[in-house]
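Okay, here's what each chain looks like letter by letter:
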Amino acid sequence: MIVSGSTSQSLAAALAAELGEPLGAVEQTAFPDGESKFALAPPANKSFADVDRAVIVASTTTAEAHLEVLQLQDAAREADINEVVTVLPYMGYGRQDRAFEAGEPVTARAIAQALSAGTDRILTVTPHEPDVCEFFDPPATAVDAEALLAEPLQTTPDPTLADPLFLSPDAGAIEIAETVRDAYGAGAVDHFEKTRNSGTDVSIEPGGADVADRDVVVVDDIVATGSTMSESIGVLQDRGVDRVFVACVHPLLARDARSKLARAGVEAIVATDTIERTVSTVSAAPAIAEEL
Ligand code: R5P
């Protein structure tokens, strides 16, 4: 049985279809003081005794979403379901994977520990650092979804991409750019150098590739405030680029990120449904299903 958290309803439905597993029902209400209340029900015409495993699918993009996963895990345990698998298509706080300054928590570890108690297995899609899986107690798997981004880049641009360059905004994301290029089947790869000055301010130093009159796909794991991508697009435009496409696994698109990218002149954004936004046209379901 697939159990959808409120943040991942389209992806949970796609995963249910991909696996041929039914969707359980989740009823959400609230106590008078505002505390959330959930009730899990088995799929139509089944009882919990017929259900071997519950696959909870929920991106933890908010504090409420974290709490919801804990509650759904516990509901599955209460229903005596044999195996509880937790799929975090996007793991919130995954970027706080170390104490960057004295006195800071390793929030990814704290969250992972909390989510470990109610599950037998964890899957998370393209975590910022795969090592985050080690913070969980049960076996945890990092699912790679980036190759799926190639398909719309092959089929939707009109005209099709000409001699594309797949570019990551920093050296850390170059493997993602290489994976997308390999799945696309052609093109060069390069990376910029990024310096983060603050949460919303980044500086980008160009790489060596010639981008003049070329189509460039800027590839990253996450677009959060859009600062990294809009700075990258600006640098590319200064260097005479033709069209710039943005490809990312997790379109967090916080605050005014979408407008920022539009103002910067992005041609199109290609992203997966690990975070459900209007740009999430690629489903990560096939990649997750393979690991289930
Ligand atoms: C961080 O290194 C990530 O890979 C992304 O580059 C970052 O999360 C993007 O953030 P923003 O959109 O706020 O610049």
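Predicted model only: the values in this text are computed from it and were never measured.

There is about 1400 Å³ of room inside the largest pocket. Forming the walls of the largest pocket are 47 residues, and the residues nearest its centre are Arg-95, His-128, Arg-196, Asp-221 and Ile-222. Where the lining of the largest pocket is concerned, the elements lending two or more residues are helix H2 (63–78), helix H5 (174–184), strand S10 (193–196), strand S12 (216–223) and helix H6 (227–238). By residue number, the principal contributor to the lining of the largest pocket is S12, which donates four residues. Of the residues belonging to the lining of the largest pocket, the class tally is 15 nonpolar, 18 polar and 14 charged.

This part covers unusual backbone geometry. Residue Asp-158 is joined to Pro-159 through a cis peptide bond whose omega torsion reads 0°. With respect to the element layout, Pro-159 can be found in the loop between helix H4 (150–155) and strand S8 (165–168). We note that Thr-126 has phi near 35°; this positive angle belongs to a residue other than glycine. Mapped onto the secondary structure, Thr-126 falls in the loop between strand S6 (121–125) and strand S7 (140–143). On the accessibility criterion, Thr-126 (5% relative accessible area) is buried. The phi dihedral of Asp-213 falls on the positive side, at around 60°, and the residue is not glycine. With respect to the element layout, Asp-213 can be found in the loop between strand S11 (202–205) and S12.

What follows covers the site of the ligand. Lining the immediate environment of the ligand, one finds 13 residues, of which Asp-220, Asp-221, Ala-224, Thr-225 and Thr-228 sit closest. One of the side-chain nitrogen or oxygen atoms of Arg-196 is found 3.3 Å away from an oxygen atom of the ligand. Within the backbone of Ala-224, a nitrogen or oxygen atom sits 2.8 Å from an oxygen atom of the ligand. Protein contacts shield 91% of the accessible area of the ligand, which totals 370 Å² for the unbound molecule. According to the grid-proximity analysis, the pocket containing the ligand is the largest pocket.

The set of residues buried in H5 consists of Ile-174, Ile-176, Ala-177, Val-180 and Tyr-184. In a view along the axis of H5, the buried residues occupy a sector of 160°, so they form one face of it. Exposed residues on H5 whose side chains face more than 90 degrees from its buried face are Glu-175 and Asp-182. Along its buried surface, H5 packs onto H4, S8, strand S9 (188–191) and S12. Of the residues trailing H5, Gly-185 is marked for its positive phi of about 100°.

About the thresholds
- Residues numbered from 1 in each chain as written.
- Predicted model: local features only at pLDDT ≥ 70, side-chain atom pairs only at ≥ 80, totals over all residues.
- Heavy atoms only, no water.
- 1 Å grid on protein atoms, 1.4 Å probe; cavity = no way out; pocket = protein on both sides within 12 Å on 5 of 7 lines; lining within 4 Å.
- Points joined across faces, edges and corners; volume = space filled by probe spheres on them.
- Helix = DSSP H or I, 4+ residues; strand = E, 2+ residues; numbered from the N terminus.
- Nonpolar A, V, L, I, M, F, W, Y, C, P; charged D, E, K, R; others polar.
- Buried < 20%, exposed > 50% of the residue type's maximum accessible area, 1.4 Å probe, protein only.
- Near = heavy atom within 4 Å.
- Polar contact = N/O pair within 3.5 Å; in protein donor to acceptor, adjacent residues only side chain to side chain.
- Areas by Shrake-Rupley, 256 points an atom, 1.4 Å probe, with all protein chains shown as cover.
- Sits in = over half its atoms within 2 Å of the grid points.
- Arc of directions from axis to C-beta.
- Contact = heavy atoms within 4.5 Å.

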